[in-house]
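# Chains, contacts and geometry: an overview
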Amino acid sequence: MSPVLQPYRDVLARPGAPAFVTAGTLARLPMSTVGIGIVLAVSQLTGSYALAGRVSGVFVALQALCAPQLARLVDRHGQGRVMRPAMLLSALGLVGVGVGAVAGWAEAWLYLAAAVGGAAIGSFSSLSRARWSTLLRRDPTRLHSAYALESVLDEVVFVVGPVLATFLATAVHPTAGLVVGTVSLLVGGWAFLQQRSTEPAPAPRGHDEARRRTVLRTPAVAVVTAVFVAMGAIFGAVDVAAVAFAEEAGTPWAAGVVLALFAVGSLLAGLVYGTRHWTRPVGQRFATGMVALGLAVCLFALVGSLPVLGVVLFVAGLAIAPTLINGNTLVQAAVPPEQLTEGLSWIGTALGAGVALGSALAGARIDAAGAHAGFHVVVAAGVLSVLAAVAAGPVLRRAALVG
């Protein structure tokens, strides 16, 4: 066994871990297929990137708005009891988006279907991290490795998902990416929720007062949430701009390939990052990662061809997974165990809100001035991420946790 992989082997040796990790990886595939699947389906069937960006934005925005509320219910009642009916409702909404795009429904119906799909989908990534926190609460070194593994799995999904969704949407049917996302949600989600031995216990009734106080009142959670909005805007703008750029180049299938390079860079960085025990405070590492990402995406201003776009995406991706790992670590240390799922969900909420904003702005700019104008939105989001990280400096310096 390679020394690099040994920490991951150690955490996966925990009873029940391989089962929930495998199912959870499939259940989170919609993270990388539904957003781009909506963009591809709606843009191809209606001819409007602006509409595609708005519908995708509605899905992501409602997911961002409702995921923490679902998480609060999960913390109180348990993962299975809340998420089984929720994911069925989400699948119904996703089917509605696909059917509506094919049938030419009015925009309002597309928005409604996307809203239902996003509001009920929750975050299986947060559910999986909550299970790790329960299993490894007394072992911070292995918990660091487990969170790194989760980020690596997120990036595996983001490598496979865009390529798969783009290929199916261009070679099979415009809605095929949505179909893949819906099926993976139902199959993976159901299998994940069946793994009851690793499911965190619901919070005792004595914690009702704590549950009424949102974890956003915790300074570290508020900072991570605010900074991740800018990070999410980068992701949303990149998705729409890459699809439009590949379309203008006459190779729409290439969008999935270059977006996969974004995830490959993050995957490799996360894989290495999770094997090391760091002595610098996690708050400092979080701020450094955000500044590095913000500076890297400024390179999008230089993109003039698909190969250059691929290189820039790979370089920018190197800063993603370490920053996500540090953000999750900050939140895990800052919130009480009975509110952990809610705290972790706020990270997804922040990213989702940023993705919705970034995709909508990029779609509008692309319709007005071409694909390269979408990269201007990416650069602007990068500058905002740097400013947000710098402004959050005092709070992050007080986050002296190491790991």
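Presented here is an overview of the structure given in this document. Residue positions are given per chain, counting from 1 as you read along its sequence in written order. pLDDT decides what is reported in this predicted model: residues at 70 or higher carry local features, side-chain atom pairs at 80 or more are listed and counted, and totals for whole chains, interfaces and linings draw on all residues regardless. Hydrogens and water molecules were not included; the side-chain quantities draw on all heavy atoms of the structure.

### Observations concerning the nonpolar core
Generally speaking, soluble globular proteins have nonpolar side chains that are buried together. Residues grouped as a nonpolar core are buried Ala, Val, Leu, Ile, Met, Phe, Trp, Tyr and Cys residues, joined through side-chain atoms within 4.5 Å. Each residue is placed in one exposure class: buried if its accessible area under a 1.4 Å probe, protein chains only, is under 20% of its type's maximum, exposed if it is over 50%, and partly exposed if it falls in between. Of all hydrophobic cores here, the largest spans 115 residues; its most connected members are Phe 124, Trp 132, Phe 228, Met 231, Phe 300 and Leu 309. It is helix H11 (residues 219-248) that contributes the most residues to this core, 18 residues altogether. Among all residues touching Leu 309, those that are not within four sequence positions of it are Ala 242, Phe 245, Val 258, Phe 300, Val 303 and Phe 375. Every helix listed is a DSSP run of H or I at least four residues long, and every strand listed is a run of E at least two residues long, numbered separately from the N terminus. By the convention used here, residues are in contact when the closest approach between their heavy atoms is within 4.5 Å.

### Some remarks on the pattern of salt bridges
A side-chain nitrogen of Lys or Arg and a carboxyl oxygen of Asp or Glu constitute a salt bridge if their distance falls within 4 Å. With the rule as written, the count across this model stands at four salt bridges. Between Arg 54 and Glu 107 there is a salt bridge, with the nearest N and O atoms lying 3.6 Å from each other. Linking Arg 54 in helix H4 (residues 49-77) with Glu 107 in helix H6 (residues 107-121), this pair joins segments that are 53 residues apart in sequence. Judged by its relative accessible area of 36%, Arg 54 is partly exposed. The class for Glu 107 is partly exposed, based on a relative accessible area of 38%. Where Arg 142 meets Asp 139, a salt bridge forms, and the shortest distance between an N and an O atom there is 2.9 Å. Residue Arg 142 is classed as partly exposed on the basis of its relative accessible area of 34%. When its relative accessible area of 17% is taken as the criterion, Asp 139 is described as buried. Look at the salt bridges and you will find they share partners, linking Arg 14, Asp 139 and Arg 142 into a network.

### As for the packing of aromatic side chains
Two aromatic rings, taken as a pair, are described by how far apart their centres are and by the angle between their planes. For Phe, Tyr and Trp, rings pair up if their centres lie within 6.5 Å, where Trp contributes its six-membered ring, and each pair is then called stacked (planes under 30 degrees apart), edge-to-face (over 60) or tilted (otherwise). The final tally for this structure, using the stated rule, is seven aromatic pairs. With a centroid separation of 5.5 Å and 40 degrees between ring planes, the pair formed by Phe 228 and Phe 286 is classed as tilted. Of this pair, Phe 228 sits in helix H11 while Phe 286 is found in helix H13 (residues 282-297), placing the two residues 58 residues apart along the sequence. By the ring-pair criterion, three or more aromatic residues cluster together here, those being Phe 20, Phe 124, Trp 132 and Phe 192. The ring of Trp 190 has Arg 84 sitting right over it, with the charged end atom 5.6 Å from the ring centre. Consider the ring centre and the ring normal. A charge sits over the ring if Lys NZ or Arg CZ is within 6 Å of that centre and within 35 degrees of that normal.

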